[in-house]
Structures are given as C-alpha cells and as structure tokens.
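Here are the chains, one letter per residue:
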Number of protein chains: 2
Amino acid sequence: MSTSVNKRENILQSALAFFAERGFDATTIPMIANDAKVGAGTIYRYFENKEVLVNTLFQHYVELFTNTLVEEYPSDHSLRDQFHHLFQGMVRFTNEHEHALYFIKTHNAAYFLDETSRKQFEKLLAILRNFLDQGREEEKIRDLPSTALIAIIFGGFLELHKLIRAGEIEASEELLEGVEESCWDAVRTHK
Amino acid sequence: MSTSVNKRENILQSALAFFAERGFDATTIPMIANDAKVGAGTIYRYFENKEVLVNTLFQHYVELFTNTLVEEYPSDHSLRDQFHHLFQGMVRFTNEHEHALYFIKTHNAAYFLDETSRKQFEKLLAILRNFLDQGREEEKIRDLPSTALIAIIFGGFLELHKLIRAGEIEASEELLEGVEESCWDAVRTHK
DNA sequence: TATTTCGGAATGAATATTCATTCCGTTTTT
DNA sequence: AAAAACGGAATGAATATTCATTCCGAAATA
C-alpha cells in the first residue's frame, strides 16, 4: 500500500504532538520517528530538515485555523455574534486538532520560524485585530492593545482545554459557554 | 573582589534572561557563562548541572513572587481591593524582576521541574485559588475553573508586558488600569 | 615586614554525550 | 528485475560536563 501519504501524515501528527507537549527544542527527530513508526531517515525523505518540518506544520495549522475562523463569518450580525463565531471556531478547531492551537500559541514567536510562517501568523492576527478594531470604533470593545486582548482570550481558552485533556474537568457545554462569556466580558466595554 | 556570591548571582541573572527569552532547551551553558563573564566550568561549581540551575531559579522566583502577593494582603477589604492588591503585586514584581514572571509562566509545566519546584508553584496557585474560591462563595467570582481564570489574568498581563518591553507601547498608568479592569471583568460575576 | 606556603575558587581545554543528518543495504512497489 | 521507498546504523557537529592546571588572597614563617 503506497503508504507514502500516510507516512508523511504520521510524521506530521507525531511531530505536532511532541512540539505541543515538549516544545521544539526538547523534541528530537528519533522521538518523532519512533512515535510515527518510521525510520529516522525517512523523515528526511519528506522534510529537508527539522526546521522545515516545524514551519510546514506551523503554516498548515495556522492556515487551517484561519480558514475555520473566516468561514461563514457573520459580518452583518452583531459584534457579540461575531465574537461567538470566533470563539466557536476555536472550540471546533481544537476538537478537530487536539494539539494544534496550543502548538501555535507556544511557537508563534519562536526564533526558527521563517518569513512565510510569520506572515501566515500575521494574517491570523489581522482577522482578530480587525474584529477588535471594528468593535473599538463602535465603542463596544475596550481601548486596549489588541494583542493583550487576544492573549486573554487564547490564554483562558487554552488553559481550559489543558484541564479537559488532563481529565481534571469535563468539557460540558455549560463550561464552554462560561469561558466564552468571561472572555467576552474581558474584551467588551461595560456601559 | 570576584566574590563567590557575585558570581553565583551573575550566573543566575544571565540564566534567567536566556531562559525567559529562548527557553530552557534553546539556551546553552556557554551562552550563560559568556554572558555572566564566567568560565563554563565555574557554573558547575555553583550548580550541579543545568537542571539544578533552572530549578534553583524557578524556586527562587516563585517564592519571591508568592511573598510579594502575600505581603500586606488586605484580607479584610473588599474582594475588588484584594484583586487590586494581587494585580499590583504582579506589576511591582515585574518591575523589579524583568524576566522572572515570564520565565515562571513559560516553564511552570516543564518536564525538568523537580518535586520541590512543582510544590513551590502549587503554593503560588493556592493563593490565587484561595482568593477566587472565596469570591465564588460570595458569588462575586464566576463559577469557572480557577486555572482558566488565572490563565486569563496572567495571559493578558504578560502579553502587555511583552509589548511594553518590545517598545511597541508605552507603560502608562492608564494602560495598566485598563488591563486590570479587563481582567477583573473576566473574573467577576456581572449581576 | 617581606617571603613562602597553602587552600580552594576559577578556568577553559578535553571528554562524553546527545542529536540532526547522511548513507547504504534491504524491502516494497511497479 | 528495475526503481523507489525504507529503516536504522553510522557520522559529525553541537553541547553538557569534567578535570588538570592556574590564580589569588590569606595564613604561616622568617
């Protein structure tokens, strides 16, 4: 069976999990190879080197996440609805790609990211900034640096996600709604 | 003279900066030695190995931060005042120890932390949890996992701090107040 | 006081280890 | 039976750690 597509995919999946859990520098190629059930050399058939591997991964998931947020974006609904859409996007994306968002969050300023990766990430930020700026104009969003507000949103959400994965907490609908509300209250103006 | 206390201190300072900026795995002993203006071997006169060095650093600053939060804690004031005290503690601590809080935040779940470090960190969390739990009883704090709320607070604050250090933003009194208010709104109940 | 001896702190070259990357014999695919 | 894909041992570079030696200030000796 031409597993070649599968192997590439396996390598990417294993790498993603390790990078998310231990970070780029602490994960070794043999670790990834072993987990992907592939020879160490095989990784180099698919990726020129370790940095190309991370960058590939990073760009792939940032793009995927960006698309998730943009898809069916309710531009003509209320700001609160738009926020809900974005938040739901995070939830959906995290459900479909367990480690991806955490990986992105922990590596978005890393020294080994190349131009393309940085630009890709900028595009993602632009979407969120765009939303916040629009809201600020309407005086519905606090007058604070977008990056800080974005950090609050991702920080809270990802921490929650960690707890859920660790089994310390159950991912009830109610809980997610609570976190969404909390993030929204952090971001919006209060009359 | 090159008192041993000074050397040890220099090593710790250099290590802190590198660990905060690049992470544990990406910083090498020679980097630290060079920055501390000390022979590589000297580091091993003070610390058994690289892991002992991080753990020492981690424990030291977590303890220091914990003390900052606890000192003059206004137990009998309003919850809002208590929050203000904690937030101010973060600000003060960050002003006094530029890299420390960021280092703590990015390394608190690292694989190389020993028992003592983990326990030390737990103590810090306990203080924050304590505050949140008390508030929850009074129904002044949201019914959400403390860890998630804590993540929101630190996430927002540290992101802000990064922007300030990067010179992208000025650390006005007003800005800090805004972030404090945002974090508080994320955490409290809204009648 | 001047000189010598001594202890241990500091050093950085040498060594041991870890890891990314390469290479080549084997297996699988066509 | 080629050709392509693999696996995993081999390689070399980068890094943590060690250790023989130097250095320096403080006693001991004169």
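Residues numbered from 1 in each chain as written. Chains lettered and ligands numbered in written order. Predicted model: local features only at pLDDT ≥ 70, side-chain atom pairs only at ≥ 80, totals over all residues. Heavy atoms only, no water.

1. Let's talk about the protein's contact with DNA strand D
Then, in step 1: Neighbouring DNA strand D are 20 residues; A:Gly41, A:Thr42, A:Tyr46, B:Ile29 and B:Tyr44 lie closest to it.
Then, in step 2: A:Gly39 places a polar main-chain atom, nitrogen or oxygen, 3.1 Å from a phosphate oxygen of DNA strand D.
Then, in step 3: One of the side-chain nitrogen or oxygen atoms of A:Arg45 is found 3.4 Å away from a phosphate oxygen of DNA strand D.
Then, in step 4: For the surface near DNA strand D, the elements supplying multiple residues, two or more each, are helix 1 (4-22) and helix 3 (40-46) of chain A together with helix 2 (29-36) and helix 3 (40-46) of chain B.
Then, in step 5: The leading source of residues in the surface near DNA strand D is helix 3 of chain A, at five residues.
Then, in step 6: Classifying every residue of the surface near DNA strand D gives seven nonpolar, nine polar and four charged. (Near = heavy atom within 4 Å. Polar contact = N/O pair within 3.5 Å; in protein donor to acceptor, adjacent residues only side chain to side chain. Helix = DSSP H or I, 4+ residues; strand = E, 2+ residues; numbered from the N terminus. Nonpolar A, V, L, I, M, F, W, Y, C, P; charged D, E, K, R; others polar.)

2. Here's the deal with empty space enclosed by the protein
Residue and element names in this part refer to chain B.
Then, in step 1: Under the definition given, this model contains two cavities of 30 Å³ or more.
Then, in step 2: There is about 120 Å³ of room inside the largest cavity.
Then, in step 3: Along its surface, the largest cavity is lined by Phe65, Leu69, Phe83, Leu86, Phe87, Met90, Leu128, Phe131, Leu132, Ile150, Ile153 and Phe154.
Then, in step 4: Top contributing element to the lining of the largest cavity by residue count: helix 5 (residues 79-96), with four residues.
Then, in step 5: Partitioning the lining of the largest cavity into residue classes produces 12 nonpolar, no polar and no charged. (1 Å grid on protein atoms, 1.4 Å probe; cavity = no way out; pocket = protein on both sides within 12 Å on 5 of 7 lines; lining within 4 Å. Points joined across faces, edges and corners; volume = space filled by probe spheres on them.)

3. What to know about the interface of chain B and chain A
Many structure descriptions define interface size as the accessible area lost when the parts assemble.
Then, in step 1: Each side of the interface is counted separately: chain B has 27 residues, and chain A has 27 residues.
Then, in step 2: Counting across the interface, chain B meets chain A through two salt bridges.
Then, in step 3: Linking chain B to chain A there are six residue pairs in polar contact (both at pLDDT 80 or more).
Then, in step 4: Listed by contribution, the elements that provide at least two residues to the side of chain B that touches chain A are helix 8 (146-165) and helix 9 (173-187) of chain B.
Then, in step 5: The leading source of residues in the side of chain B that touches chain A is helix 8 of chain B, at 10 residues. (Contact = heavy atoms within 4.5 Å. Salt bridge = Lys/Arg side-chain N within 4 Å of Asp/Glu carboxyl O.)

4. Some thoughts on helix 9 of chain B
Then, in step 1: Spanning 15 residues, helix 9 of chain B covers 21 Å between terminal C-alpha atoms, matching the ideal 21 Å at 1.5 Å per step.
Then, in step 2: Of all 15 residues in helix 9 of chain B, 11 are buried, a share of seventy percent or more.
Then, in step 3: Every buried residue of helix 9 of chain B is accounted for by B:Leu175, B:Leu176, B:Gly178, B:Val179, B:Glu180, B:Ser182, B:Cys183, B:Trp184, B:Asp185, B:Ala186 and B:Val187.
Then, in step 4: Looking at the buried side of helix 9 of chain B, the elements it contacts are helix 8 (146-165) and helix 9 (173-187) of chain A together with helix 5, helix 7 (115-137) and helix 8 of chain B. (Expected span 1.5 Å × (residues − 1). Buried < 20%, exposed > 50% of the residue type's maximum accessible area, 1.4 Å probe, protein only.)

5. What about the side chain of B:Asn55?
Residues and elements named next belong to chain B.
Then, in step 1: Here Asn55 shows up in helix 4 (residues 50-70).
Then, in step 2: Within the structure, Asn55 has its side chain in polar contact with the backbone oxygen of Glu51 (distance 2.8 Å).
Then, in step 3: Here Asn55 is in contact with Phe112, Leu113, Asp114 and Ser117, once residues within four sequence places are set aside.

6. Section: the UniProt feature "DNA-binding region" (unreviewed entry) in chain A
Then, in step 1: Taken from the UniProt record, the annotation "DNA-binding region" (unreviewed entry) applies to residues 28-47 of chain A.
Then, in step 2: Helix makes up 70% of residues 28-47 of chain A and strand makes up 0%, while its end C-alpha atoms are separated by 14 Å. (UniProt positions renumbered as here; feature names shortened; annotations may be inferred.)

7. What about a negative patch on the surface?
Then, in step 1: Negative charge collects at one region of the surface, where A:Asp143, B:Glu173, B:Glu174 and B:Glu177 lie side by side.
Then, in step 2: For B:Glu174, the location among the structural elements is in helix 9.
Then, in step 3: On the basis of relative accessible area, B:Glu174 is assigned to the exposed category, the value being 65%. (Patch = residues over 30% accessible without salt bridge, like charges linked within 9 Å, V, L, I, M, F, W, Y side chains within 5 Å. Areas by Shrake-Rupley, 256 points an atom, 1.4 Å probe, with all protein chains shown as cover. Lys, Arg positive; Asp, Glu negative; His and termini not counted. Charge placed at Lys NZ, Arg CZ, Asp CG, Glu CD.)

8. Quick notes on the relation of the copies chain B and chain A
Then, in step 1: For these two chains of identical sequence, chain B goes onto chain A by a turn of 179 degrees and a shift of 0.0 Å along the axis, with RMSD 0.2 Å. Such a combination of rotation and displacement between the chain copies is what one expects of a two-fold axis.
Then, in step 2: Both copies present the same face, since 100% of the interface residues in chain B are matched by interface residues at the equivalent positions in chain A. (Least-squares fit on C-alpha atoms with pLDDT ≥ 70 in both.)

9. Considering the side chain of B:Arg136
Then, in step 1: Inspection of the secondary structure assignment puts B:Arg136 in helix 7.
Then, in step 2: Within polar-contact distance, the side chain of B:Arg136 engages the backbone oxygen of B:Leu144 at 2.4 Å.

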